[in-house]
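Examination of the molecular architecture
Here are the chains, one letter per residue:
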Amino acid sequence: MNFRDYYTYIMASNSGTLYIGVTNDLTRRISEHKQDLIDGFTKKYGCHKLVYYENYSDIKQAIAREKQLKKWNRNKKQELINKLNPHWQDLSTEWV
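Residues numbered from 1 in each chain as written. Predicted model: local features only at pLDDT ≥ 70, side-chain atom pairs only at ≥ 80, totals over all residues. Heavy atoms only, no water.

**Quick word on the pattern of salt bridges**
For the structure shown, the criterion picks out seven salt bridges. Of the charged contacts, one joins Asp25 and Arg28 as a salt bridge, the two residues approaching to 3.8 Å between their closest N and O atoms. Using a relative accessible area of 31% as the deciding quantity, one classes Asp25 as partly exposed. Judged by relative accessible area, Arg28 falls into the partly exposed class, the value being 36%. Each of Asp25, Arg28, Arg29 and Glu32 takes part in a single network of salt bridges with overlapping partners. (Salt bridge = Lys/Arg side-chain N within 4 Å of Asp/Glu carboxyl O. Buried < 20%, exposed > 50% of the residue type's maximum accessible area, 1.4 Å probe, protein only.)

And the structure:
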């Protein structure tokens, strides 16, 4: 059996735009977002701050959680972030 870590994460822009994603390498993926290496939503809206993430050992669970979070309204997403990170600090500053 292949044991691996998977992450569901939320990036935010300075103006509060949110992006939800899933990855098997959080450090690499967050670095890609911060450096605008991939054209798309986070580059367009400047979502460069990691404000929330969850760790999973099963990719199916991580993807299911990503889909669940994407269906939530903005207030519910903000409440989730506020529980872990009330000041919306960049959680990746020490490792990216």
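**Looking at the nonpolar core**
Counting 11 residues, the largest nonpolar core is built from Ile10, Ala12, Leu18, Ile20, Val51, Tyr52, Leu69, Trp72, Leu80, Ile81 and Trp88. When residues of this core are traced back to their parent elements, those giving at least two are strand E1 (6–12), strand E2 (18–23), strand E3 (49–56) and helix H4 (74–84). Setting aside residues no more than four positions away along its own chain, Ile81 makes contact with Ile10, Leu18, Val51, Tyr52, Pro86 and Trp88. Among the nonpolar cores identified, the runner-up in size contains eight residues, and Tyr7, Tyr9, Tyr19 and Leu26 belong to it. (Core = buried A, V, L, I, M, F, W, Y, C linked by side-chain atoms within 4.5 Å. Helix = DSSP H or I, 4+ residues; strand = E, 2+ residues; numbered from the N terminus. Contact = heavy atoms within 4.5 Å.)

**Some points on H4**
Of all the residues in H4, the buried ones are Lys77, Leu80 and Ile81. Within H4, the buried residues cover an arc of 95 degrees as seen down the axis, which keeps them to one side. When the buried face of H4 is taken as reference, the exposed residues oriented beyond 90 degrees from it are Asn75, Glu79 and Lys83. Two to three positions downstream of the cap, the backbone nitrogen of Asn75 sits 3.1 Å from a side-chain oxygen, assigning the N-cap of H4 to Asn73. (Arc of directions from axis to C-beta. Polar contact = N/O pair within 3.5 Å; in protein donor to acceptor, adjacent residues only side chain to side chain.)

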